[in-house]
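# Descriptive structure summary
Below, each chain spelled out in residue letters.
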Amino acid sequence: MLVSWNTTNACNLSCRHCYRDAGARIDEELTTVEARNLIAQAAQSGFKMMIFSGGEPLTRPDIYELTAYAASHGLRPVLGTNGTLITGEVAERLKKAGVMTVGISLDSPDPEQHDRFRGVSGAWKAAVEGMEACRRAGLSFQVHTTVMKWNYEQVEKVTDLAIRLGAKAHHVFFLVPTGRALHLVKESLSAEQYEHLLYRLMKKQKEAPIEIKPTCAPQFMRIAAQMGLKLRFQKGCLAGISYCLITPKGDLQPCAYLDLPVGNVRETPFTLLWQDNAVFQHLRAENYKGGCGTCSYQRICGGCRARAYFYYGDYMAEDPCCLYRKGKNVLVEKTR
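Scope of this entry: the structure provided in the associated data block. (Residues numbered from 1 in each chain as written. Predicted model: local features only at pLDDT ≥ 70, side-chain atom pairs only at ≥ 80, totals over all residues. Heavy atoms only, no water.)

## Some details on the packing of aromatic side chains
A full pass over the atoms with the stated rule returns 10 aromatic pairs. Centre to centre, the rings of Phe220 and Phe233 are 5.9 Å apart; their planes meet at 80 degrees, and the pair counts as edge-to-face. Here Phe233 lies in the loop between helix 8 (220-226) and strand 8 (243-246) and Phe220 lies in helix 8, a separation of 13 residues in the sequence. In terms of burial, Phe220 and Phe233 fall into one category: buried. The structure contains a cluster of three or more aromatic residues connected by ring pairs, namely Phe47, Phe270, Trp274 and Phe280. The ring of Tyr64 has Arg93 lying over it, and the distance from NZ or CZ to the ring centre is 3.8 Å. Positioned over the ring face of Tyr152 is Arg200, at 4.7 Å from the centre of the ring. (Phe/Tyr/Trp six-rings, centres within 6.5 Å; stacked < 30°, edge-to-face > 60°. Helix = DSSP H or I, 4+ residues; strand = E, 2+ residues; numbered from the N terminus. Buried < 20%, exposed > 50% of the residue type's maximum accessible area, 1.4 Å probe, protein only. Lys NZ or Arg CZ within 6 Å of the ring centre and 35° of its normal.)

## Overview of empty space enclosed by the protein
Enumeration according to the criterion identifies two cavities of 30 Å³ or more in this entry. Here the largest cavity is characterised by a volume of approximately 100 Å³. Considering the residues around the largest cavity, the lining is formed by 15 residues, among which Cys292, Cys295, Cys301, Gly303 and Cys322 are closest to the centre. In terms of residue class, the lining of the largest cavity is built from seven nonpolar, five polar and three charged. Estimates place the volume of the second largest cavity at around 30 Å³. Along its surface, the second largest cavity is lined by Lys235, Cys237, Ala239, Ile241, Leu283, Tyr288, Gly302, Gly303 and Arg305. Among the residues making up the lining of the second largest cavity, the classes are represented as five nonpolar, two polar and two charged. (1 Å grid on protein atoms, 1.4 Å probe; cavity = no way out; pocket = protein on both sides within 12 Å on 5 of 7 lines; lining within 4 Å. Points joined across faces, edges and corners; volume = space filled by probe spheres on them. Nonpolar A, V, L, I, M, F, W, Y, C, P; charged D, E, K, R; others polar.)

## A look at the pattern of salt bridges
Scanning the model with the defined rule gives 17 salt bridges in all. With its nearest N and O atoms 3.5 Å apart, the salt bridge here joins Lys204 to Glu207. Residue Lys204 and its partner Glu207 are both found in helix 7 (residues 191-207); the two are separated by three residues, about one turn of the helix. Put simply, Asp319 and Arg307 hold a salt bridge, and the shortest N to O gap is 4.0 Å. One end of the pair, Asp319, is in the segment after helix 12 (305-312); the other, Arg307, is in helix 12, and 12 residues separate them in sequence. Note on accessibility: Asp319 and Arg307 belong to one class, buried. Through salt bridges with shared partners, one network takes in Asp160, Lys204 and Glu207. (Salt bridge = Lys/Arg side-chain N within 4 Å of Asp/Glu carboxyl O.)

Take a look at the structure:
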């Protein structure tokens, strides 16, 4: 079980796809005391990992204190960052605070294309330097890539770069239109590209010495099974089942991209919201509709609930990006 907390809305970049629409800090962000209470309740609720993200979490002055507090409560603290603020000293402090892994965004092997997407010149160079600082400090890191039409053909090259840099994993995020990404719907992958890239990634996994994990594309579980790959994951979409997200001001939602607040941890204890909320109970029942409801892989895939909610207004609807629900089984034979 893992919980993600957007620690702040502040960010030093201006990424085109940011689901948080981050930039300036907001007044209502959880205080240090409130954050410590949230961390304690997450541990009490049985969560094993806490993701500290943003905005940019390294703009929050108490981030070292809070990650250390999470570690003291038996949680595995991990950081989701753009990497540009990680110096040698920062990497050492994060390691000392108990941070287990740092996820650093890198969207292209081409610095100019990455910088254009992230909105700041020099972002690629700074992110790579942040990875190198982590490696020197003995702090585990992984590379995060958001894939769209413009970098669709580059993803495996990013995997190769991640391997050369010493990353332990490459996680590939499939765009869900929310936040600033609402303006990028036409730049999202088509259903055919979505399916084809998943096959490419699972084929790459067969030869790569690091973990490759698609995110917000739960069909990778079906494709891995069809290709005979044994992965450590139990289910594709975890929203509301064994994963949730807290926004900077304390709203709780099933996942980062399913923009459906179910309550606020300032008003109702996190433990009660997680245990009793009706939306979470509905998601855990797994009574999916349409193609997802009849699919033989529904228990290990589940379809993307955030994508279903965006396109159909129903988080239990079928995933519109899945070709398999239409009886198509693309590229299985070609990628074995």
